[in-house]
Amino acid sequence: MAARAPQPSNVPGESLEGVVARLQGDFPSVETRRICEVVELVHDGYREARIRTFVAIFVERESRLRLRGDLIHASRESPQQSAEVAGPARALLG
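Residue indices follow the written sequence of each chain, beginning from 1 at its first position. Selection of residues for local features in this predicted model requires a pLDDT of at least 70, selection of side-chain atom pairs for listing and counting requires 80 or more, and totals for whole chains, interfaces and linings are taken over all residues. As a convention, hydrogens and water are excluded, and side-chain values are obtained from all of the structure's heavy atoms.

**Let's talk about the packing of aromatic side chains**
Piece 1. Stacked, tilted and edge-to-face are the three classes applied to pairs of Phe, Tyr and Trp rings, where Trp contributes its six-membered ring and a pair requires centres within 6.5 Å; stacked means planes under 30 degrees apart, edge-to-face means over 60, and tilted covers the rest. If you walk through the whole model with that rule in mind, you get two aromatic pairs.
Piece 2. For the ring pair Tyr46 and Phe58, a centre distance of 6.0 Å and an interplane angle of 25 degrees mean the geometry is stacked. Of the two residues, Tyr46 is situated in the loop between helix H2 (32-44) and helix H3 (55-77) and Phe58 in helix H3; the sequence distance between them amounts to 12 residues.
Piece 3. Burial classes follow relative accessibility: with a 1.4 Å probe on protein chains only, a residue under 20% of its type's maximum area counts as buried, one over 50% as exposed, and anything between as partly exposed. Take Tyr46: its relative accessible area is 21%, and that puts it in the partly exposed class.
Piece 4. Phe58 gets classed as partly exposed once you look at its relative accessible area, which sits at 37%.
Piece 5. With 6.5 Å between their ring centres and 50 degrees between their planes, Phe54 and Phe58 make a pair best called tilted.
Piece 6. Among the aromatic residues, those joined into a ring-pair cluster are Tyr46, Phe54 and Phe58. We count a stretch as a helix when DSSP gives it H or I for four or more residues in a row; a strand needs E for two or more, and each element gets its number in order from the N terminus.

Here you go:
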């Protein structure tokens, strides 16, 4: 039986902790502080959402896109870091 990825909980604090943990695993070169900032920023956009069931999923998806964008942007700005960042970014973008 294959291992299942952790699912977001209905408890907001636990959901965001799970989101951060999964993003840390997927973006090991990004500082935890930056991941937390992105997750909090994205989550703030859903504070007024009337239906909360899928907020953690939306926050994770949007945060993942922003972090990928950060990696791509960083690789364009810093030629010496380009090789370090572009490899993981290409892998993430498939």
